[in-house]
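# Structural overview
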Amino acid sequence: MKILGILASHQEHGLNAQMLDEVLKNVDEGVETETIYLENYKITPHKYHEKNPVLDELSEKLLKSDVWVFAAPTYFRELSGVLKNFFDCMRPKLVYFKENGDTIPGQFKNKHYLSISSCYVSPLENFITGVTDEAFKTIDRVMAAAGVIKVGEIVLPGTFGMKELPHNKKKLCQKYAKKISVKKRKDDSTLKRYIQLFFMIAVMALITMGIQLPLNSWIGSNFWWNYISFTLIFFVLLSCILHFMTFVKHRRR
């Protein structure tokens, strides 16, 4: 079992580096760890029919690791340029290109990753406005294209003037250290998602039927009116739940 830390910050010993170090030093005994600081590599785009020793070296490190831990700050509501450049240049290594230009997961399919980011704004502002959302979404999009499975994410807001990690963030890093120390199955969340979907639909159907009861005196027992009202109510409830799951529950604090 090997975990690779990928530091994509302009500061080699800043807060993102501290969070990454806190994760890696608390993994289970026997788990190998390595950290690469992307600023130490001259990462340039891959040119077809030409070798790129830097990308080949980084690709080999990724291939030999079971879990990747990305640590990068959020700048201007987006991912740091260091990590974005790494993703852009590594694209031919992360995915395979089909003849029509579409991409499919490449050689890293079914590996796992953890995301770490930080920002200046307060926890409350980050929760309301989602300053770090796009940074995490960019990592998620790239990893989804590469077929790499997400383990979780850690965010540290309110970093302006901060020198050391807060105790609660250290505990969170330690928690994820234990989580990524166990070798995962290819996709260990499929059953969980199906169970969540089943209960979500069951609850929404129950609420919809409950709302329909007082409407029966207006629409009567006509099948089509009952069908239309059930569909509309169910759709509104589904939209509200999806909005909550997407924009509210996953707000980073």
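Quick caveat, the model's predicted, so the values are computed rather than measured. (Residues numbered from 1 in each chain as written. Predicted model: local features only at pLDDT ≥ 70, side-chain atom pairs only at ≥ 80, totals over all residues. Heavy atoms only, no water.)

### Structural notes on the packing of aromatic side chains
The final tally for this structure, using the stated rule, is eleven aromatic pairs. Where Phe86 meets Phe87, the ring centres are 5.9 Å apart and the plane angle is 50°; that geometry is what we call tilted. Residue classification places Phe86 among the buried residues on the basis of a relative accessible area of 2%. Its relative accessible area of 3% is what places Phe87 among the buried residues. (Phe/Tyr/Trp six-rings, centres within 6.5 Å; stacked < 30°, edge-to-face > 60°. Buried < 20%, exposed > 50% of the residue type's maximum accessible area, 1.4 Å probe, protein only.)

### With respect to the side chain of Ser65
Assignment of secondary structure puts Ser65 in the loop between α2 (53-63) and β3 (67-71). Under the relative-accessibility criterion, Ser65 is labelled buried at 0%. Here the side chain of Ser65 touches Lys61 through a polar contact of 2.8 Å, landing on its backbone oxygen. Ignoring anything within four residues of it in the chain, the contact list for Ser65 reads Lys2, Leu4 and Lys111. (Helix = DSSP H or I, 4+ residues; strand = E, 2+ residues; numbered from the N terminus. Polar contact = N/O pair within 3.5 Å; in protein donor to acceptor, adjacent residues only side chain to side chain. Contact = heavy atoms within 4.5 Å.)

### Observations concerning the sheet that holds strand β8 (residues 112-118)
Taking strand neighbours across the sheet as the criterion, the five strands line up as β2-β1-β3-β8-β9 in an open arrangement whose pairing is parallel. This sheet does not close on itself; its edge strands, each paired only once, are β2 (32-37) and β9 (149-156). Across this sheet, the average inter-strand angle for adjacent strands is 15°, counted without regard to direction. One ladder, built from five bridges, connects β3 with β8; its direction is parallel. What sits directly across from Phe70, in β8, is Ser115. Relative to β8, helix α1 (residues 15-24) is tilted by about 145°, and along the sheet it contacts β1 (2-7), β2, β3, β8 and β9. Across the sheet, helix α6 (residues 167-179) is in contact with β8 and β9; its angle to β9 comes to roughly 170°. (Pairing = 2+ DSSP bridges. Axes fitted to C-alpha atoms, helices over the stretch in contact; angles between N-to-C directions.)

### Some thoughts on the nonpolar core
Counting residues in each nonpolar core, the largest one holds 30 residues, and the members touching the most others are Leu38, Trp68, Phe70, Leu83, Phe86, Phe87 and Met143. Every element with two or more residues in this core is listed here: β1, α2, β3, α3 (81-94) and α5 (133-146). Among the elements that make up this core, the one with the highest residue count is α3 (seven residues). When neighbours within four sequence positions are excluded, Phe87 is seen to be in contact with Phe70, Leu79, Leu94, Ile139, Val142 and Met143. In this structure, Leu15, Met19, Val31 and Ala71 belong to the second largest nonpolar core, which totals 24 residues. (Core = buried A, V, L, I, M, F, W, Y, C linked by side-chain atoms within 4.5 Å.)

Everything listed is a geometric property; what it means functionally is a separate question.
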